[in-house]
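# Working through the structure, step by step
Spelled out, the chains give:
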Amino acid sequence: MDTVMLSRIQFASTTIFHYFFVPVSIGLALLIAIMETMYVRKGNDEYKRMAQFWGKLFLINFAVGVVTGILQEFQFGMNWSDYSRFVGDVFGAPLAIEALLAFFLESTFIGIWIFGWDKVSKRVHLLSIWLVALGTMLSAFWILLANSFMQHPVGFAVNNGRAEMNDIWALVTNGQLLVEFPHTVLAAYATGAFLVTGISAYKLLKKQDVSFFRKSFEIAAIVGIISSFGVAIAGHAQAQYLVETQPMKMAASEGLWDDSGDPAGWTVIAKIDPDNKISTHEVKIPYMLSFLSYSKFSGSVKGMNTLQAEYEQAYGPGDYIPPVRTTFWSFRIMVAAGSLMIVLGVYAIYLMWRKKMERPNTWFMRFMFWGLLLPPIANTSGWIMTEMGRQPWTVFGLMTTEDSVSPNITSGQVLFSVISFTAIYAILGLVLVGLFIKVIKKGPYAMDNDHGESHDPYNKEGSHAFS
Amino acid sequence: MLSLNELWFVLIAVLFVGFFFLEGFDFGVGMETQILAKNDTERRVLINSIGPFWDANEVWLITGAGAMFAAFPHWYATLFSGFYIPFVFALLALIARGVAFEFRGKRDSLAWQKTWDVCIFLGSFLPPFLLAVVFASFIKGLPIDGDMQMYAGFFDIVNVYTVVAGITVVLLCLVHGLMFTTLRTVGDLQERARKMAQKLLFPLAALLLAFVVMTYYMTDVFEQRGALLLVIVILGIAAYVLSGYFMSKKRDGLAFGMTGAVMALSVVSIFVGLFPRVMISSLDQAFNLTITNAASGHYSLKVMTIVALSLLPFVLGYQIWSYFVFHKRVHEKEHLEY
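Residues numbered from 1 in each chain as written. Chains lettered and ligands numbered in written order. Predicted model: local features only at pLDDT ≥ 70, side-chain atom pairs only at ≥ 80, totals over all residues. Heavy atoms only, no water.

Moving on, we come to the confidence of the model for chain B. Of the residues in chain B, 100% reach a pLDDT of 70 or more, and the chain-wide mean stands at 91. Interface scoring of the predicted complex returns ipTM 0.89; its pTM is 0.91. (pLDDT = per-residue confidence, 0-100.)

Right, here's the structure in full:
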């Protein structure tokens, strides 16, 4: 395989892996901040326990998110140096600001939060977790600003053979960012919320620490339902923006080869044949694509064949059709997972409303437990659609993936890094799941015994050291 | 008045000085877990002594690389693609180290702890070694062609000069870390840390001296900035001697400041030697990357300057405050988080 393909595999795999943890960090930070706020306001120690118990999972998850994030920053230069040269003027700034504004905030105050329980006042401690939550959100903002530039480049001019920034305000108010940021951050809140409801449901099924986990479940369910609805609304806005700015991605995610009729129906499933440029066995919901694209029940959507011709006119000869099957199915998986989250969330709220959480359905709680997998599925497929659907571009309309790769690296080097990063990530993933299960099994009231006295070698061998 | 290009060169230098000064000591403490600690409790005391800080210290590196990307995209691109394999190893080490702190105490199994202890050691030893190798080869010069592409073979990167630099910085981190340990621990551990630092002073001095001599003969930096570098070397020697003096007087805070100063001056000397180049081509002077031809446009630099100068006071403020919050010594009898 060539360095382009290998570098793409590396970027895709390391980014997807990294993005299992980022939304959990963003979501859990908010939930923990809410729980600790309730502790400070009500003085009930159970809420403090909640912050600490979910905090334990947060920290394990945060560690993996942080270390896999370092690689993200370096591999632009390592594998995509020509990309970095071409857009560094625009793209580097948000990354630097992300580090300066968000990473310092997160890393410093997470230290204060972990180690500061009895060293700073309650309020300062509470402020630290809110600052961590703010930091994670700011970090999302600046990295999405950089990504939005790649989806919809604004605020630059091509000078000296590269893209040079000429309007930072245009970047900050990029239409793409204004739809992408809420969609992504709300999805992250939903991810944290469904993780907490899922684990709580499991514990409630086992009837362990019932009061603790019911309270956790209720807080998270409220956050979960609000953010799930929010994700859907923001997603709708994003789809409309997509039709305007990246119609090819929209057409590909619909498997739409020729221009649609007016009004356009939304394809639920289809058999896509990219070789013959045809989709068969389509099941459609009438009017739905028009609504998705324009918020009204009329209007036709351009197909890939039309767009291919238009792009060839604009950018010269080439294949501008992204991998259609991947784009099509990842979009549907995302929508299906998101819809299920809303259904589960609504039912959970109904149970709470009718005060039926005392004895909820066993089958429903099982659904809620497995529901913790829905947000990661939706997040991952959403990003696959977004990034694959942009091909062959790295920066839409400006630079192709082919041209972005480092010319001075060999496929052997990249193969080596792909294998080593995949191996270490696989280990990290397994260890993380194992530790999660261990912490969850122990429960919130057994946490302090990780270094139980009886296991402390200090008692056996070390007493002379401090006498 | 500094031009924006010069200002960003200085800011990046400051970020790397900050990184080596701060993460330098937590790398050192990471190494101590295998060299100095006698048992698991001591290991935990050491890890907890850097617990609240190491993550933020590492952000100095991330910010430094980010600033390079934003202000000098060609520098960033040439550097990271050119040193592909060393950075793969540095990243693997940093990844393993970062999770090891969080993971090692989460299970009561000896094999489990030993595994993560190895990760902490390698993760604390490899990154400073590899980064020092990279920085040393900066001033030695690298095969960079007219398209700013670097095609380096193994011996362009790994040679006597760069390896000496690597070992020197690793040892400097260790001594700096030992002095940090004297500040954050009590009793026997503190005593042993100070003694070990004192023992290492002579070998480290020899290495530092060897590096300076080699730099004189093997690079052009003394021709370029002889006077200024001489001042730095003299200041460095003074700080070094003072660190030894303060160690012997058990003035640990001052000694820590001095080992930090030696570290800072070493990094500064590299940047002084480079300026106004950012990467030196061994093929042709004309292919050098400089603060002009590697830089972003004026508008970008201006925006970045405004952002950086408005944020830096806050960043520095709360980081200093966090050191104040955790100024008390770590005691084995209290709750140890890790």
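This part is about the environment of S420 of chain A. With respect to the helices and strands, S420 of chain A occurs in helix α15 (residues 411–442). In terms of polar contacts, S420 of chain A uses its side chain to reach the backbone carbonyl oxygen of F416 of chain A, at 2.5 Å. (Helix = DSSP H or I, 4+ residues; strand = E, 2+ residues; numbered from the N terminus. Polar contact = N/O pair within 3.5 Å; in protein donor to acceptor, adjacent residues only side chain to side chain.)

Judged by nonpolar contacts, the single largest core of 268 residues is most densely connected at W54 of chain A together with F72, W75, L79, F83, F103 and M279 of chain B. A total of 19 residues in this core trace back to one element, the largest contributor, which is helix α3 (residues 81–115) of chain A. Split by domain, the residues of this core number at least three in each of domain 1 (3–246 + 323–446) and domain 2 (247–313) of chain A. Not counting residues within four places of it along the chain, the set of residues in contact with F83 of chain B comprises V134, S137, F138, L142, M150, I157 and M279 of chain B. Residues W257, A270, V324 and F328 of chain A belong to the second largest nonpolar core, which totals 15 residues. (Core = buried A, V, L, I, M, F, W, Y, C linked by side-chain atoms within 4.5 Å. Buried < 20%, exposed > 50% of the residue type's maximum accessible area, 1.4 Å probe, protein only. Domains from an automatic or database assignment. Contact = heavy atoms within 4.5 Å.)

Let us look at the UniProt feature "transmembrane region" (unreviewed entry) in chain B. Residues annotated by UniProt as "transmembrane region" (unreviewed entry) correspond here to residues 6–25, 83–103, 115–139, 159–179, 200–219, 225–247, 254–275 and 303–326 of chain B. Segment residues 6–25 of chain B splits into 100% helix and 0% strand. End C-alpha atoms: 29 Å apart. (UniProt positions renumbered as here; feature names shortened; annotations may be inferred.)

If you look at the interface, chain B gives 79 residues, while chain A gives 80 residues. Counting each side, the surface lost to burial between chain B and chain A is near 7300 Å², with a carbon and sulfur contribution of 72%. If you sort the residues of chain B by the area they bury against chain A, F69, Y84 and I95 of chain B come out on top, with a joint share of 10%. Linking chain B with chain A are 0 salt bridges, by the criterion used here. Secondary-structure elements contributing two or more residues to the side of chain B that touches chain A are α2 (40–50), α3 (54–71), α4 (73–82), α5 (84–103), α6 (110–140) and α12 (298–325) of chain B. Residue composition of the side of chain B that touches chain A, by class: 46 nonpolar, 18 polar and 15 charged. (Buried area = accessible area lost by both parts, 1.4 Å probe. Salt bridge = Lys/Arg side-chain N within 4 Å of Asp/Glu carboxyl O. Nonpolar A, V, L, I, M, F, W, Y, C, P; charged D, E, K, R; others polar.)

Looking now at the packing of helix α2 (residues 45–79) of chain A against α5 of chain B. Remark: α2 of chain A packs on α5 of chain B, axes separated minimally by 9 Å, with the N-to-C direction vectors making an angle of 170 degrees. Classified by the angle between their axes, α2 of chain A and α5 of chain B sit roughly antiparallel to one another. Residues L59, I60, A63, V64, V67, I70, L71, F74, M78 and N79 of chain A of α2 of chain A form the contact with α5 of chain B, whose participating residues are Y84, F87, V88, L91, L94, I95, G98, V99, E102 and F103 of chain B. Of the residues belonging to the contact of α2 of chain A with α5 of chain B, the class tally is 17 nonpolar, 2 polar and 1 charged. (Axes fitted to C-alpha atoms, helices over the stretch in contact; angles between N-to-C directions. Parallel < 35°, antiparallel > 145°, perpendicular 65-115°, else oblique.)

On the surface, I269, V283, W329, I333, W370, L373 and I377 of chain A cluster together into a nonpolar patch covering about 650 Å² of accessible area. Note on placement: L373 of chain A falls in the loop between α12 (362–370) and α13 (374–388). (Patch = residues over 30% accessible without salt bridge, like charges linked within 9 Å, V, L, I, M, F, W, Y side chains within 5 Å. Areas by Shrake-Rupley, 256 points an atom, 1.4 Å probe, with all protein chains shown as cover.)

Residues and elements named next belong to chain A. Annotation of chain A at the domain level lists domain 1 (3–246 + 323–446) and domain 2 (247–313). For domain 1 and domain 2, the distance between their C-alpha centroids amounts to 30 Å. Residue-level contacts link 21 residues of domain 1 with 24 residues of domain 2. Taken together, the two surfaces of domain 1 and domain 2 that pack against each other cover about 1900 Å², and 68% of this comes from carbon and sulfur. Per-residue buried area on domain 1 facing domain 2 is highest for V243, V324 and F328; these three make up 30% of the total on that side. With a shortest N-O distance of 3.2 Å, R332 and E254 are connected by a salt bridge. Between domain 1 and domain 2 we count 12 residue pairs in polar contact (both at pLDDT 80 or more) in total. Elements represented by at least two residues in the side of domain 1 that touches domain 2 include exactly α7 (210–245), α11 (324–353) and α13. By residue class, the composition of the side of domain 1 that touches domain 2 is 9 nonpolar, 8 polar and 4 charged.

All names here are of chain A. Interhelical geometry of helix α8 (residues 247–254) versus helix α10 (residues 304–315) gives an angle of 155 degrees and a closest axis separation of 9 Å. Of the possible angle classes, the one that applies to α8 and α10 is roughly antiparallel. Between α8 and α10 lies a crossing whose hand is left-handed. Residue-level inspection shows P247, M248, A251 and A252 of α8 in contact with α10, the latter providing M304, L307, Q308 and Y311. Looking at the contact of α8 with α10 residue by residue, the class counts come to 7 nonpolar, 1 polar and no charged. (Left-handed = near helix turned anticlockwise from the far one by under 90°.)

Let's shift gears to the pairing of strand β3 (residues 266–273) of chain A. Residue and element names in this part refer to chain A. Pairing of β3 with strand β4 (residues 278–285) involves 6 bridges; the strand directions are antiparallel. Bridging from a neighbouring strand, T267 pairs with K284 of β4. Between β3 and β4, which follow one another and run antiparallel, lie 4 residues, and K277 among them has a positive phi close to 50 degrees. (Pairing = 2+ DSSP bridges.)

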